[in-house]
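# Results of the structural survey
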Amino acid sequence: MNVLHFDSEMAWTHAICSLWRDRLHLKPDLTMCLPSGATPVDVYGEMSRSARQGLVSFKRATVFALDEFGGLAPDDPGRTSHTLRRQLIDIVGVSPDAFHVLDPDHPDLSAHCAEYETAIGSGFDLVVLGIGLNGHLGMNEPGSPIDSPTRRVDLHESTIQSSARYFTHQNLPRWGLTVGLKALLGAGEVWLLAKGSAKAEIVREILKREVGTANPASLLRRHPNAWLFLDAAAGALVSGQAGLPAAITRSAAP
Ligand code: PGA
C-alpha cells in the first residue's frame, strides 16, 4: 500500500482531487464505488467545483454507492444515497441511470444485493473509502470474510454511535447494506482516505499491526494498487521523519 502524507487538509484535498481528475481524463467511463461520511465532504466539494468549471466531466462515469443505512425513513437526509446525491452526484452530472444505490426497503434484500453484485459486473476501476474507527470498510465490520459479497449486515456498536454525526435524530441505524470486501479488494485501484486526529490510532493499527480480517482496512496492504491518503493529524502516529510530512512511503504486506 502506498502511503501519502500531507501537511495540511487543503493539500490533502487538492492532491486527491487532482488525481481524481486525472483518472477521469484518462478513462471518462470510469466505474467508481464512493462513500458518504464526513471524510470525503471537502473532496466532493472540490470535485463539484471542478465539474462546474469544466475541468472534469462525470457524464460518462458510473458510480455505485458503497453502502446504505437500514431502518430509516426513505427521505432521511442522512441516508448514503441522499448524501452522495447532494454532495456530488447531482452537481457533477452523473447520468441518473449510471448512479447505482442500495435500497434497504426492498422487499427481497438477498435478491436486491445479488442484482447489485451483477450490476458491479467485472468490477470497479476506482474505489474511494473512508476508514471506520474500528477499521471497517463501508459496512464491512471486523471479521467480515474477504470474499464477502454485497449483503445485509449488522453494524457494530461503535459504528452505530459514530453514525450519530450524520443524523439530526436519535433513531440511529443498527444495520445496513454494503458492497462486500470481495468487490472492494478486487478493484483496480483503491483510495483509503483518512483525515483528522480521531483516525490516527486506527491508521497506526492498519500500518503496523498484522494484516487480517480483524481490521478490514489492513487487508488493503496486500492490494497491488492501494493508496492511503493521510493529512498531518491522521498520520501523526506513523509519520516518518519530522519535518518531512509530505512524503510517499510504502507499506508492504508481511
Ligand atoms: P467518516 O466515516 O468519514 O464519517 O469518518 C468513515 C467510516 O466510518 O467508514
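What comes next is a walk through the structure. Predicted, not measured: the structure shown is a model, and the values here were computed from it.

Once that is clear, we can look at the site of the ligand. As a structural note, the neighbourhood of the ligand is formed by Gly37, Ala38, Thr39, Ile131, Gly132, His136, Arg165, Tyr166 and Lys199. Contacts to the ligand include Ala38, whose backbone N or O atom sits 2.8 Å from an oxygen atom. Take His136: an N or O atom from its side chain is 2.8 Å from an oxygen atom of the ligand. Isolated, the ligand exposes 280 Å² of accessible area, and the fraction of that covered by the protein chains is 87%. With respect to the detected pockets, the ligand is housed in the largest cavity.

It is worth spelling out the sheet that holds strand β7 (residues 151–154) at this point. Spatially, β4-β8-β7 is the arrangement adopted by the 3 strands of the open sheet, whose pairing is antiparallel. Each having just a single partner strand, β4 (67–69) and β7 make up the two edges of the open sheet. Within this sheet the neighbouring strands show an average axis-to-axis angle of 25°, counted without direction. Pairing of β7 with strand β8 (residues 175–178), which is carried by 4 bridges, proceeds in the antiparallel orientation. Counterpart to Arg151 in the pairing with β8 is Thr178.

Another aspect to go through is empty space enclosed by the protein. Going through the model one piece at a time under the given rule, you end up with 2 cavities of 30 Å³ or more. Here the largest cavity defines a volume of roughly 370 Å³. Put simply, the parts of the chain that give the lining of the largest cavity at least two residues each are β4 and α5 (157–162). For the lining of the largest cavity, a count of residues per class yields 10 nonpolar, 11 polar and 3 charged.

In this structure, Trp20, Met32 and Phe58 are the most contacted members of the largest nonpolar core, which totals 70 residues. In terms of residue count, the dominant contributor to this core is helix α1 (residues 9–26) (6 residues). Those residues in contact with Phe58 that sit more than four places away from it in its chain are Trp20, Leu24, Met32, Met47, Leu88, Val92, Gly93 and Val94. Judged by nonpolar contacts, the second largest core, of 8 residues, contains Phe69, Leu72, Val153 and Phe167.

The subject of this paragraph is the environment of Glu9. As for its position among the elements, Glu9 is in helix α1. A relative accessible area of 40% places Glu9 in the partly exposed class. As a C-alpha pair, Glu9 and Leu230 span 221 residues in sequence and 8.8 Å in three-dimensional space. Setting aside residues no more than four positions away along its own chain, Glu9 makes contact with Asp42, Lys195 and Asp231. A distance of 3.5 Å separates the side chain of Glu9 from the side chain of Lys195, its partner in a polar contact.

For the coordinates displayed, the defined rule picks out 10 salt bridges. A salt bridge links Arg79 to Asp105, with the shortest nitrogen-to-oxygen separation between them at 3.1 Å. Of this pair, Arg79 sits in the loop between β4 and α3 (80–92) while Asp105 sits in the loop between β5 (99–100) and α4 (109–120), and the two are 26 residues apart along the sequence. Residue class for Arg79 comes out buried when judged on its relative accessible area of 5%.

The subject of this paragraph is the packing of α1 against helix α2 (residues 41–52). Helix-helix packing is described using two parameters, namely the angle between the two axes and the distance between the axes. Interaxial distance between α1 and α2 falls to 9 Å at its minimum, and their mutual angle equals 50°. Classified by the angle between their axes, α1 and α2 sit oblique to one another. As for how α1 packs across α2, the hand of that crossing is right-handed. Contact residues: α1 offers Glu9, Trp12, Thr13, His14, Ile16, Cys17, Trp20, Arg21 and Leu24, while α2 offers Asp42, Val43, Tyr44, Glu46, Met47 and Ser50. Residues that form the contact of α1 with α2 fall into these classes: 8 nonpolar, 3 polar and 4 charged.

Bringing the side chain of Arg151 into the picture now. You can see Arg151 is positioned in strand β7. The buried charged residue Arg151 lacks any salt bridge partner; its closest oppositely charged side chain belongs to Glu117, at an N-O distance of 7.8 Å. One polar contact links the side chain of Arg151 to the main-chain carbonyl oxygen of Pro149, over a distance of 3.0 Å.

What counts and how
- Residues numbered from 1 in each chain as written.
- Predicted model: local features only at pLDDT ≥ 70, side-chain atom pairs only at ≥ 80, totals over all residues.
- Heavy atoms only, no water.
- Near = heavy atom within 4 Å.
- Polar contact = N/O pair within 3.5 Å; in protein donor to acceptor, adjacent residues only side chain to side chain.
- Areas by Shrake-Rupley, 256 points an atom, 1.4 Å probe, with all protein chains shown as cover.
- 1 Å grid on protein atoms, 1.4 Å probe; cavity = no way out; pocket = protein on both sides within 12 Å on 5 of 7 lines; lining within 4 Å.
- Sits in = over half its atoms within 2 Å of the grid points.
- Pairing = 2+ DSSP bridges.
- Helix = DSSP H or I, 4+ residues; strand = E, 2+ residues; numbered from the N terminus.
- Axes fitted to C-alpha atoms, helices over the stretch in contact; angles between N-to-C directions.
- Points joined across faces, edges and corners; volume = space filled by probe spheres on them.
- Nonpolar A, V, L, I, M, F, W, Y, C, P; charged D, E, K, R; others polar.
- Core = buried A, V, L, I, M, F, W, Y, C linked by side-chain atoms within 4.5 Å.
- Buried < 20%, exposed > 50% of the residue type's maximum accessible area, 1.4 Å probe, protein only.
- Contact = heavy atoms within 4.5 Å.
- Salt bridge = Lys/Arg side-chain N within 4 Å of Asp/Glu carboxyl O.
- Parallel < 35°, antiparallel > 145°, perpendicular 65-115°, else oblique.
- Left-handed = near helix turned anticlockwise from the far one by under 90°.
- Lys, Arg positive; Asp, Glu negative; His and termini not counted.

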